[in-house]
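# Breakdown of the fold
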Amino acid sequence: MTALSDIQKALNTIRRITQAEEEAVRLAALALLAGVIGDEARDIAKQREPKRKQQPAVPIPRPPKPTVRPAPKQQSAQIQTTPNVQALAPKQAQKPIPPQ
């Protein structure tokens, strides 16, 4: 006997047994068969897949650390090429404060 004829006999036996059972038992038997079929299909799919070679891990390129730049020096004595208009405007005299 070949494997297929053995499987066919087993399936006929399962059908004969489950026909006399209630609906819940028949559904449980179908779920069991479906699980076995799924497992077999996954095994076959794994065998068909070509073996993948793992590529060596490539280090992630990291940006260089930023260099600390010195803060720009503030020029305390700035040379003005245009005169300050407020400095040339006449100032109003303040009124004297009377003594108390």
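We now turn to the structure provided with this report. (Residues numbered from 1 in each chain as written. Predicted model: local features only at pLDDT ≥ 70, side-chain atom pairs only at ≥ 80, totals over all residues. Heavy atoms only, no water.)

### Considerations on the overall build of the chain
- The helix and strand inventory of the chain stands at 3 helices and 0 strands.
- When the helices and strands of the chain are listed from N to C terminus, the series reads α-α-α.
- Here the chain holds 100 residues, and 2% of them are scored as buried. (Helix = DSSP H or I, 4+ residues; strand = E, 2+ residues; numbered from the N terminus. Buried < 20%, exposed > 50% of the residue type's maximum accessible area, 1.4 Å probe, protein only.)

### Let's talk about the pattern of salt bridges
- Counting across every chain of the model gives 1 salt bridge.
- The residue R42 makes a salt bridge to D39 at a minimum N-O spacing of 2.7 Å. Residue R42 and its partner D39 are both found in helix α2 (residues 23–48); the two are separated by 3 residues, about one turn of the helix.
- Residue classification places D39 among the partly exposed residues on the basis of a relative accessible area of 40%. (Salt bridge = Lys/Arg side-chain N within 4 Å of Asp/Glu carboxyl O.)

### Notes on a nonpolar patch on the surface
- Residues L4, I7, L11 and I14 make up a contiguous nonpolar surface patch of about 370 Å² in total accessible area.
- Summarising the element assignment, L11 is placed in helix α1 (residues 3–19). (Patch = residues over 30% accessible without salt bridge, like charges linked within 9 Å, V, L, I, M, F, W, Y side chains within 5 Å. Areas by Shrake-Rupley, 256 points an atom, 1.4 Å probe, with all protein chains shown as cover.)

### Digging into the side chain of T18
- Structurally, T18 can be placed in helix α1.
- Beyond its immediate stretch of four places on either side in the chain, T18 contacts R26 and A29. (Contact = heavy atoms within 4.5 Å.)

### Let's talk about the packing of α1 against α2
- It is at 9 Å that the axes of α1 and α2 come closest, and there the two elements cross at 155 degrees. Classified by the interaxial angle, the pair formed by α1 and α2 is roughly antiparallel. The crossing of α1 and α2 is right-handed. Between α1, through L11, I14, T18 and Q19, and α2, the contact on the second element is made entirely by R26, A29 and L33. (Axes fitted to C-alpha atoms, helices over the stretch in contact; angles between N-to-C directions. Parallel < 35°, antiparallel > 145°, perpendicular 65-115°, else oblique. Left-handed = near helix turned anticlockwise from the far one by under 90°.)

Take it as geometry only, folks, not as evidence of what the structure does.
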